[in-house]
Amino acid sequence: LEVWFGASDPSHRSAAPQLSMSSSGTTCSDSAPKKRTVVWNPLNRKVVNETCKGLGYDAHQDCNKWTIAYFRTRPSKAMYAAAKTGQRLKWIPGISELCKKDRLALHLYKRMCKDPEHYNFYPRTWRLPEEFGILKAWERREGKGKILIVKPSLGSGGHGITIVKSTNEINPLCSAVAQVYLDKPLLVNGLKFDLRVHVLVTSVKPLRIYVHDEGYVRFCTKPYVRPNGKDGEAADPYQHLTNYCLNKTNPKFIFNRSSDADDEGHKWSFHAFNRRMREEGRDVEGLWRRIDKVIVKTIRAAEDTLVGRAGILRSRDLDGGMCFQMLGFDIMLDHTCNPWLLEVNSTPTIKCDTPLDSKIFTRCIR
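Only a predicted model underlies this, so the values are computations on that prediction, with no experimental measurement involved.

## Quick look at the overall build of the protein chain
- Looking only at helices and strands, one finds 11 helices and 18 strands in the protein chain.
- By the burial criterion, 54% of the 366 residues in the protein chain qualify as buried.
- Within the protein chain, contacts between residues separated by at least 24 positions form 64% of all contacts whose residues are at least 6 apart in sequence.
- Counting only carbon and sulfur atoms, one obtains 52% of the accessible surface of the protein chain, whose full area is about 17,100 Å².

Here's what the structure looks like:
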């Protein structure tokens, strides 16, 4: 296992070497790539094109002679079969084992059963519909009065998420996960928030993980009030859900206006967040060490499955790095500043709505 961390904030990250492309695969080097690299970007993501251009790379929407293929969804089997040694595809086979909420819950539950001391960072979760009966039994035994959050297995952007006070409000046939709601979150300016951490996996065998030192903090747009289980108390999504796509629809959402004002509005940079935590006397270095451990343990929970799926490329994947994946880990902090994993995103957004978005995503893709 190799884990590297970004270095713009040296107080909690150790420096990582720059990745470069060679004819034999991905290598670690202190210099920029020496060969012409063609990035096939069929979605025409502006930030990808501009970043590639700044690095001296060529980016195209339609290209047969590519070095890196940048996809949003899984390529076809034919695409994997046609990939040659030295080419890189942005999609690791089997990555849905981490990014589908029900599969993630299953892998973490299995690890938790074997090692509860080290896998205690994920809220208690039930996969629906198959575990609905188990959830009902838990509610009768110890869950009366507790709030649950129900998320579609394949949902994103906050769509379809509901907060309920009883399993009677849940469709027993829905394809979703139900989690115990974290009702004592850490607050900033009275608002609930989470952290979107960008993680790059460049190989599953051996497992290579790069954790970027910059990301963004997503805030709710209404002051948090702890739910008590009464009717309507936990219904306001702007108060309880941190999803950016949801909160930016609130007329009270404040957009960032300058990349230098990174603590402005309802989306902050990690740099601004770290500064605020230090002002409150919190152990920022210790917090990020705990978050790094959560990331590594989460990926390792599905490592065996990912290695098995990578067999489709084994004859041409000389160094285990033919496929790579940029993941978005959503982390929430409780009132004791302890990190909890919410979910893992296979295609974290790189849409630039503000100057701060452009700054963060450009650095991340670079």
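## Some points on the packing of helix H1 (residues 46-54) against helix H11 (residues 355-365)
- One way to put it is that H1 packs onto H11 with a least axis distance of 9 Å and a crossing angle of 60°. Taken together, the axes of H1 and H11 lie oblique to each other. The crossing of H1 and H11 is right-handed. Across the interface between the two elements, Val47, Val48 and Thr51 from H1 touch Phe361, Thr362 and Ile365 from H11.
- Each residue belonging to the contact of H1 with H11 can be placed in one class, and the counts come to 4 nonpolar, 2 polar and no charged.

## Considering the nonpolar core
- Leu195, Val197, Val199 and Leu341 are the most contacted members of the largest nonpolar core, which totals 61 residues.
- It is helix H9 (residues 284-301) that provides the largest number of residues to this core, a total of 9 residues.
- Not counting residues up to four positions away in its chain, the partners in contact with Val199 are Ile209, Tyr210, Val211, Ile295, Ile299, Gln325, Met326, Leu327 and Phe329.
- Among the nonpolar cores identified, the runner-up in size contains 15 residues, and Val48, Tyr57, Ile350 and Ile360 belong to it.

## Side note on the side chain of Lys151
- Secondary-structure assignment places Lys151 in strand S9 (residues 148-152).
- No salt bridge is formed by the buried Lys151, whose closest oppositely charged neighbour, Glu343, lies at an N-O distance of 4.1 Å.
- Reaching out from Lys151, the side chain makes a polar contact with the side chain of Gln179 at a distance of 3.2 Å.
- Every residue in contact with Lys151, bar those within four places of it in the chain, is listed here: Lys101, Ile161, Ala176, Val177, Gln179, Leu342 and Glu343.

## Remarks on the pattern of salt bridges
- By the definition in use, this model includes 23 salt bridges.
- Among the ionic pairs, Asp183 bridges to Arg226, the shortest N-O distance being 3.4 Å. Of this pair, Asp183 sits in the loop between strand S11 (176-180) and strand S12 (187-188) while Arg226 is found in the loop between strand S15 (216-219) and helix H6 (237-240), placing the two residues 43 residues apart along the sequence.
- What makes Asp183 partly exposed here is its relative accessible area of 26%.
- Residue Arg226 is classed as partly exposed on the basis of its relative accessible area, which comes to 46%.
- Residue Arg257 is joined to Glu264 by a salt bridge in which the shortest nitrogen-to-oxygen separation is 3.2 Å.
- One salt-bridge network, in which partners are shared between bridges, spans Asp194, Arg196, Arg218 and Asp330.

## Thoughts on unusual backbone geometry
- Across the junction of Leu128 and Pro129, the peptide omega takes the value 10°, indicating a cis bond.
- Its place among the elements puts Pro129 in the loop between strand S8 (125-128) and helix H5 (132-143).
- Put simply, Lys205 and Pro206 share a cis peptide bond, and its omega is 0°.
- For Pro206, the position within the fold is in the loop between strand S13 (191-204) and strand S14 (207-211).

## What to know about the packing of helix H8 (residues 270-279) against H9
- For the pair H8 and H9, the least separation of the axes is 10 Å and the interaxial angle reads 130°. Looking at the two axes, H8 sits oblique to H9. Only Val284, Glu285, Leu287 and Trp288 of H9 make contact with H8, whose side of the interface consists of Phe270, Phe273, Asn274, Met277 and Arg278.

## Quick notes on the side chain of Glu264
- Within the secondary structure layout, Glu264 lies in the loop between helix H7 (244-247) and strand S16 (267-269).
- At a separation of 2.7 Å, a polar atom in the side chain of Glu264 contacts the main-chain amide nitrogen of Arg257.

## Considerations on H1
- For H1, the complete set of buried residues consists of Val47, Val48, Thr51 and Cys52. An end-on view of H1 places all buried positions within 130° of arc, on one side of the element. Those residues of H1 that are exposed and angled more than 90 degrees off the buried face are Lys46, Lys53 and Gly54.
- Contacts from the buried residues of H1 go to strand S4 (38-40), strand S5 (58-60) and H11.
- Note on H1: the residue one or two positions beyond its end, Gly56, has a positive phi of about 85°.

Definitions and limits used
In this numbering scheme, every chain counts its residues from 1 along its sequence in written order. Local features in this predicted model are restricted to residues whose pLDDT is 70 or higher, and side-chain atom pairs enter the listing and the counts only when it is 80 or higher, whereas totals over whole chains, interfaces and linings include all residues. No hydrogens and no water enter the side-chain calculation; it runs on all heavy atoms of the structure. Counting from the N terminus, the helices are DSSP H or I runs at least four residues long and the strands are E runs at least two residues long. Each residue is assigned to one of three classes by its accessible area relative to the maximum for its type, calculated with a 1.4 Å probe on protein chains only: buried under 20%, partly exposed between the two thresholds, exposed over 50%. Note on contacts: a residue pair is in contact if any heavy atoms of the two residues lie within 4.5 Å. For the area figures, the Shrake-Rupley method with a 1.4 Å probe applies, and any residue is considered shielded solely by the protein chains shown. Fitting a line to C-alpha atoms yields each axis, with helices limited to the stretch in contact; the angle taken between N-to-C directions then spans 0 to 180 degrees. Small angles under 35 degrees read as roughly parallel and large ones over 145 as roughly antiparallel, with 65 to 115 read as roughly perpendicular and the rest as oblique. Handedness of each helix crossing follows the sense of rotation of the near helix against the far helix: counterclockwise by less than a right angle gives left-handed, clockwise gives right-handed. Charged means Asp, Glu, Lys or Arg here, nonpolar means Ala, Val, Leu, Ile, Met, Phe, Trp, Tyr, Cys or Pro, and polar covers whatever is left, Gly included. In plain words, nonpolar cores are sets of buried Ala, Val, Leu, Ile, Met, Phe, Trp, Tyr and Cys residues tied together by side-chain atoms within 4.5 Å. Asp and Glu are treated as the negative residues and Lys and Arg as the positive ones, with His and the ends of the chain left uncounted. A pair is scored as a salt bridge if a Lys or Arg side-chain nitrogen falls within 4 Å of a carboxyl oxygen belonging to Asp or Glu. Pairs of N or O atoms within 3.5 Å make up the polar contacts considered here, provided that, within protein, one atom can donate a hydrogen while the other can accept it, and that residues adjacent in sequence are counted only when both atoms are side-chain atoms. Starting at the helix axis, one direction is taken to each C-beta atom, and the arc is that of these directions.

These results come straight from atomic positions and should not be treated as a statement about function.
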